[in-house]
Structures are given as C-alpha cells and as structure tokens.
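Close look at the chain arrangement
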Amino acid sequence: EVQLVESGGGSVQAGGSLRLSCTASGFTFEDSDMGWYRQAPGDECELVSTISSDDGSTYYVDSVKGRFTISQDNAKTRVNLQMNSLKPVDTAVYYCAAATPGFALPPTFGGSCRRDFGYWGQGTQVTVSS
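A short tour of the structure in this document, coming up. Nothing here was measured: the structure is a model prediction, and the numbers come from that model. (Residues numbered from 1 in each chain as written. Predicted model: local features only at pLDDT ≥ 70, side-chain atom pairs only at ≥ 80, totals over all residues. Heavy atoms only, no water.)

**Side note on the sheet that holds strand 7 (residues 68-72)**
In spatial order, the strands read 1-3-8-7; together these four strands make up an open sheet with antiparallel pairing. Lying at the two open borders of the sheet, with one neighbouring strand each, are strand 1 (3-7) and strand 7. Put simply, the sheet's adjacent strands are angled 15 degrees from each other on average, direction ignored. As defined by bridge partners, strand 7 adjoins strand 8 (residues 78-83) across five bridges and the pair is classed as antiparallel. (Pairing = 2+ DSSP bridges. Helix = DSSP H or I, 4+ residues; strand = E, 2+ residues; numbered from the N terminus. Axes fitted to C-alpha atoms, helices over the stretch in contact; angles between N-to-C directions.)

Below, the structure written as structure tokens:
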C-alpha cells in the first residue's frame, strides 16, 4: 500500500529553522508531483510548495518565497522542505502529499487536508513562537 510518512516537525522560536522530510513507500512516484500543504485550526488547507518529479520544477506560495526550499532525492522516494526564517504565522500542521500520476496537486482549498485524492502523510506539527 502507498504510504507517506513525515518527520522533522517541532517547536522553534521566530527566525529559527526546521527541516521536514517525507518518505514514500509502495510507489516510486516517478510520474507524480509531490509537495506540502499546511493547515492551522479553522483555516483552509494551504498549498505551500510542490516539486515536479519530471523536471524538478518548483512552486512556492508567495508567503514562503525566499524562506522555504523544497527538494527531492534521486530515487524520488523522499521529499524535503527546508524552512528558514520561520514566523509565528507559519504555525500549522504540515502534510506531505503526492498527486495521482498524471495530475497536479490542487491549490489551496477549504476544509480538511487529507482528502480522497492523491496520497497524504499523517501530518507533523510545526509551532513557531514569538
């Protein structure tokens, strides 16, 4: 069964850094885009960043540009999110996601993350204090 597992979340003061990692099993994701969503209580499920398994092209939501960097290993079984200069507004549960082969990850949407499209990790908490 396809499984995504996140790690690396935690608590950090504003201005600090964290590195999230997502490891995939049961699928190679050679034809899938992978990325990260985040959701704070009461907020939308926000698409933070994506990376293409085809050419390595990346996307970042405006609020994290210049601070976050997404990357993928050569085997395309792991995706990382390096988060620098963290702000309290970055506090959320972060979810690793992979699109169904041939499809793109959808943009920010209302309601809970971990919808019935694509594949989702269990989420990891990131807390940034002032």
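**A few points about the pairing of strand 7**
On strand 7, burial follows the alternation: F68, I70 and Q72 on one face are buried, whereas T69 and S71 on the facing-out side are not. Hairpin connection of strand 7 to strand 8: five residues between the antiparallel strands, including K76 at a positive phi of 60 degrees. (Buried < 20%, exposed > 50% of the residue type's maximum accessible area, 1.4 Å probe, protein only.)

**A few points about the nonpolar core**
Counting residues in each nonpolar core, the largest one holds 27 residues, and the members touching the most others are W36, F68, M83 and Y94. Broken down by secondary-structure element, the contributors of at least two residues to this core are strand 3 (18-25), strand 4 (34-39), strand 5 (46-51), strand 7, strand 8, strand 9 (92-98) and strand 11 (124-129). Among the nonpolar cores identified, the runner-up in size contains 10 residues, and Y37, A99, F109 and C113 belong to it. (Core = buried A, V, L, I, M, F, W, Y, C linked by side-chain atoms within 4.5 Å.)

**Concerning the state of the cysteines**
Within the structure shown, the criterion is met by two disulfides. One disulfide in the model links C22 with C96; its S-S distance is 2.0 Å. Across the S-S bond linking C22 and C96, the dihedral sits near -75 degrees, which makes this disulfide left-handed. With a gap of 74 residues between them, C22 in strand 3 and C96 in strand 9 connect regions that are remote in the sequence. Residue C45 pairs covalently with C113 via a disulfide, S to S 2.0 Å. (Disulfide = S-S within 2.5 Å.)

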